[in-house]
Structures are given as C-alpha cells and as structure tokens.
Amino acid sequence: MTQSLLQFKLVLLGDSAVGKTSLVLRFCKDQYSEQQEPTIGCSFINHNVEIGENEVKLQIWDTAGQERFHSLAPMYYRGAKGALIVYDISSLESFEKAKDWVKELRYQGNPKAKIALVGNKLDLNSKKVDIEVAQNYATKAGLLFYETSAKTGMGVQEVFLGLAQSLPKEK
Ligand code: GDP
Ligand code: MG
C-alpha cells in the first residue's frame, strides 16, 4: 500500500549526444530511437515509481541541447535533489566533460544533490573509458556509478531507481 507521495526533481547533465534524452525515453516510455530528437519535447517529464512503501513522483528534467554551449540556466538545476551525469563509454572526452559537470553542479547548483555517474552506450564494442577508472573516480567523488545502454535498456531502471532510493525521504 502506498503511504505518501514524495516528489523529487532529477536533472540530466552531460555532453551533447551521450544519450541523455535516450535514457529518459527508455526509462519513462520504454522506447528507443536511432534518430533521437534532441529533446523530449518539453522541459521535464513526470514519472511515478514505487520505492518501498512510498509512491515517488520523479520530475525528470532533460536539456533542450543547451549543454552544447555550456549554458544551462540556473533554473535547470534549481531544486534538483538528484542528477544523472552521463558520458559515452566510447568517448574519453565525454568522460572528462562529465567530471566538469560534477563540479558545475556542485558549485553552481545544489551542492547536496545526489549524483549518479552514468557510462552509457554499453552496447558498443569500442569501449574507451575503463570501468575501473570510472568507478574509482566515482567512489572518490562520492557519486553512485552505473553503466547503461539506452539502446538495449541494460541498467537503465537501476540508475533511476537507485538514485531515487538514495535520496533523503523528506517531503
Ligand atoms: P543527448 O544529446 O545526450 O540527449 O543524446 P541522445 O539521446 O540524443 O542520443 C544521441 C545519439 O546517441 C542518438 O543517435 C542515439 O540514438 C544514440 N544513443 C543513445 N543512447 C545509446 C546507447 O545506449 N547505445 C547506442 N549505441 N547509441 C545510443
Ligand atoms: Mg538530448
């Protein structure tokens, strides 16, 4: 039985084309497209999940491509309790950029936001970012860590649910 409705704002950050929108679409609609539109069509999407006894409403914010210019408005981060910071496992550059996003969120956004570092495109054979390197960085920086494929769906539920579960359950 569900006891109460908690609501959390989650934001997606990371370089352009790492698969942020694809992860949201896989999680919320179980869909995937090779020609992913740059946005989910609106600034956020609501998705309810059950965490233990609680029904939790996740308000998931995706960018409209502004990350390309590194110019996200402060309102994008504002009130975010959690963030998925995404890189592409086939791009070392995107992993380096993910570290910059971690700093940006901590200094410009909510320093207390829970962060999940997400290595996406796990289905590709051209892996460049070593899992141990990424895991070590995540541990040192106090981040959750996951590898996913929005294409196959692997790990996608785990990231969103894992992040939601790790958030403090205050209203
Ligand atoms: P965003 O700019 O970070 O929102 O990235 P998109 O979700 O728009 O994805 C960029 C491109 O990468 C699109 O062509 C997607 O189809 C592709 N893509 C996204 N996720 C995956 C994945 O897990 N595996 C593979 N192989 N391609 C992906
Ligand atoms: Mg996008």
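Residues numbered from 1 in each chain as written. Chains lettered and ligands numbered in written order. Predicted model: local features only at pLDDT ≥ 70, side-chain atom pairs only at ≥ 80, totals over all residues. Heavy atoms only, no water.

Even after reading the chapter, I still don't get helix 1 (residues 20-29), so can you show me in this structure?
Each α-helix winds once per 3.6 residues, and so residues spaced three or four apart point in a common direction. Most of helix 1 is tucked away, with 9 of its 10 residues classed as buried. Looking one or two places after helix 1, you find Asp30, whose phi comes out positive at around 50°. (Buried < 20%, exposed > 50% of the residue type's maximum accessible area, 1.4 Å probe, protein only. Helix = DSSP H or I, 4+ residues; strand = E, 2+ residues; numbered from the N terminus.)

Before we go on, may I ask you to explain the confidence of the model for the protein in this structure?
Residues shown with low pLDDT carry predicted positions that ought not to be read at fine detail. Of the residues in the protein, 92% have a pLDDT of 70 or more, and the chain-wide mean is 90. The ipTM for the predicted assembly is 0.99, set against a pTM of 0.94. (pLDDT = per-residue confidence, 0-100.)

What is the right way to read the side chain of Asn120 from this model?
Within the secondary structure, Asn120 is located in strand 5 (residues 114-120). Not counting chain neighbours up to four residues away, the residues in contact with Asn120 comprise Val18, Gly19, Leu23, Val86, Tyr87, Asp88, Ile89, Thr148, Ser149 and Ala150. (Contact = heavy atoms within 4.5 Å.)

Please clarify how the sheet that holds strand 4 (residues 82-88) should be interpreted in this entry.
The strands making up a sheet are joined through hydrogen bonds of the backbone, oriented either antiparallel or parallel. Reading across from one edge, 2-3-1-4-5-6 is the order of the 6 strands in this open sheet, with mixed pairing throughout. Of all strands in the sheet, those bounded by a partner on one side alone are strand 2 (44-51) and strand 6 (144-147). Across the sheet, the mean angle from the axis of one strand to that of its neighbour is 25°, orientation sign disregarded. Of the strands in this sheet, strand 1 (5-14), strand 4 and strand 5 are in contact with helix 3 (residues 92-108), which crosses strand 4 at around 160°. (Pairing = 2+ DSSP bridges. Axes fitted to C-alpha atoms, helices over the stretch in contact; angles between N-to-C directions.)

Please explain the pattern of salt bridges as it appears in this structure.
Oppositely charged side chains may form a pair once their charged atoms are brought near each other. Counted by the stated rule, this structure contains 7 salt bridges. For Asp30, the salt bridge identified is with Arg26, shortest N-O distance 2.7 Å. Classification of Asp30 by relative accessible area gives exposed; the value is 56%. Measuring nitrogen to oxygen at the nearest pair gives 2.8 Å for the salt bridge that ties Glu147 to Lys127. Linking Glu147 in strand 6 with Lys127 in the loop between strand 5 and helix 4 (131-141), this pair joins segments that are 20 residues apart in sequence. With a relative accessible area of 15%, Glu147 lands in the buried category. (Salt bridge = Lys/Arg side-chain N within 4 Å of Asp/Glu carboxyl O.)

Would you mind going over the pairing of strand 2 with me for this structure?
Remark: a regular strand shows side chains that alternate across the two faces of the sheet. The two faces of strand 2 differ: Ile45, His47, Val49 and Ile51 on one face are buried, but Phe44, Asn46, Asn48 and Glu50 on the other face are not. Counting the residues between successive antiparallel strands, the hairpin from strand 2 to strand 3 (residues 54-61) contains 2 residues, one of them, Gly52, with a positive phi of roughly 60°.

Help me understand the environment of Asn48 in this model?
Mapping Asn48 onto the fold places it in strand 2. The class of Asn48 is partly exposed, set by a relative accessible area of 37%. Once you skip the residues sitting within four places of it in the chain, Asn48 turns out to touch Leu5, Glu55, Val56 and Lys57. Separated by 2.9 Å, the side chains of Asn48 and Glu55 make a polar contact. (Polar contact = N/O pair within 3.5 Å; in protein donor to acceptor, adjacent residues only side chain to side chain.)

Whenever I open this one, the pairing of strand 4 confuses me. Can you help?
Across the 7 residues of strand 4, 7 count as buried, placing the element largely inside the fold. Along strand 4, one buried face is formed by Gly82, Leu84, Val86 and Asp88 and the opposite face, lined by Ala83, Ile85 and Tyr87, is buried too. Pairing geometry for strand 1 and strand 4, over 5 bridges, is parallel. In the strand pairing of strand 4, Leu13 is matched with Ile85. Looking at chain direction, strand 4 and strand 5 are connected through 7 bridges and run parallel. Among the inter-strand pairings, Ile85 is bridged to a residue of strand 5, identified as Leu117. For the handedness criterion, the β-α-β arrangement of strand 4, helix 3 and strand 5 is classed as right-handed. (Right-handed = clockwise from strand over helix to strand, strands pointing away.)

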